[in-house]
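Residue strings, one per chain:
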Amino acid sequence: MISSAGFFTDAYDIFIINLVTPMLGYIYYKKYDDKMPSAIQGPFKGMVSFGQLVGQLTFGFLGDAFGRKAIYGIELLVIIIATINCATSASTVEGVGAVGFLGFWRFVLGFGIGGDYPMSSTVAA
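Novice: What should I look at first to understand the overall build of the protein chain in this one?
Specialist: Within the protein chain, the regular secondary structure consists of five helices and zero strands. Ordered by position in the sequence, the α and β elements of the protein chain form the string α-α-α-α-α. Out of the 125 residues belonging to the protein chain, those deemed buried represent 34%. Pairs at least 24 apart in sequence give 71% of the contacts found in the protein chain among residues at least 6 apart.

Here is the structure:
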């Protein structure tokens, strides 16, 4: 049951960005006709996929080295922390904007989700 809930939330976290991107365009990209430019939108949406690749490799290795049940809790913490930070991303006074912070935390979220795939499948088995 826990693994199924993990897979559901993973899918939600991956695909919710398609609904969020138009809202971000409306808020932060007024000079581009309220749309996020494709040069930003593509890498922004792809951060989770790249994080998944890195997370699968990293947590797969760690699961083999230290045991999958021990590592399962760590990757869940990564997902929880990244999800909270995605929800609370904001811009700084100078420097990185909200879209930059959200992109970073989506990479970290993808890292945790990538770890969830090998861990959840073995815990369910």
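On we go from here.
Novice: Sorry, what's going on with the packing of aromatic side chains here?
Specialist: The relation between two aromatic rings is expressed through the spacing of the ring centres and the mutual angle of the planes. Under the criterion given, the structure shown has four aromatic pairs. With a centroid separation of 6.1 Å and 55° between ring planes, the pair formed by Tyr29 and Tyr32 is classed as tilted. Note on Tyr32: relative accessible area 43%, which makes it partly exposed. Measuring from centroid to centroid gives 5.0 Å for Phe104 and Trp105, while their planes differ by 70°, and the two rings are edge-to-face. Judged by its relative accessible area of 44%, Phe104 falls in the partly exposed class. For Trp105, a relative accessible area of 21% translates into the label partly exposed.

Novice: Any chance you could explain a nonpolar patch on the surface here in plain terms?
Specialist: There is a patch of nonpolar side chains on the surface, built from Leu77, Ile80, Ile81 and Ile84 and spanning about 380 Å² of accessible area. One can find Ile84 in helix 4 (residues 68-87). Relative accessible area serves as the criterion here: at 51%, Ile84 is assigned to the exposed category.

Novice: Please explain helix 3 (residues 38-66) as it appears in this structure.
Specialist: Given 3.6 residues per helical turn, the α-helix brings residues three or four places apart onto the same face. The first and last C-alpha atoms of helix 3 sit 41 Å apart over 29 residues, in line with the 42 Å expected at 1.5 Å per residue. The largest bend in helix 3 is about 35°, located at Met47.

Novice: Is there a simple way to explain the pattern of salt bridges in this structure?
Specialist: Pairing of side chains with opposite charge becomes possible as their charged atoms draw close. Within this structure, the stated rule accounts for one salt bridge. For the salt bridge of Arg68 with Asp64, the shortest nitrogen-to-oxygen distance reads 2.7 Å. Judged by its relative accessible area of 26%, Arg68 falls in the partly exposed class. Judged by its relative accessible area of 58%, Asp64 falls in the exposed class.

Novice: Got a minute to help me understand the nonpolar core in this structure?
Specialist: Side chains that are nonpolar tend, in soluble globular proteins, to be buried together. Among the nonpolar cores identified, the biggest contains 21 residues, and Met36, Phe44, Phe59 and Leu109 are the most heavily contacted of them. Elements that contribute at least two residues to this core include exactly helix 2 (17-28), helix 3, helix 4 and helix 5 (98-124). Ranked by residue count, the leading element in this core is helix 5, at seven residues. Apart from the residues lying within four places of it in its own chain, the contact partners of Phe59 are Ile71, Ile74, Glu75, Val78, Phe111, Gly112, Gly115 and Met119.

Criteria and thresholds
- Residues numbered from 1 in each chain as written.
- Predicted model: local features only at pLDDT ≥ 70, side-chain atom pairs only at ≥ 80, totals over all residues.
- Heavy atoms only, no water.
- Helix = DSSP H or I, 4+ residues; strand = E, 2+ residues; numbered from the N terminus.
- Buried < 20%, exposed > 50% of the residue type's maximum accessible area, 1.4 Å probe, protein only.
- Contact = heavy atoms within 4.5 Å.
- Phe/Tyr/Trp six-rings, centres within 6.5 Å; stacked < 30°, edge-to-face > 60°.
- Patch = residues over 30% accessible without salt bridge, like charges linked within 9 Å, V, L, I, M, F, W, Y side chains within 5 Å.
- Areas by Shrake-Rupley, 256 points an atom, 1.4 Å probe, with all protein chains shown as cover.
- Salt bridge = Lys/Arg side-chain N within 4 Å of Asp/Glu carboxyl O.
- Expected span 1.5 Å × (residues − 1).
- Bend = angle between axes of the 7 residues up to and from the residue.
- Core = buried A, V, L, I, M, F, W, Y, C linked by side-chain atoms within 4.5 Å.

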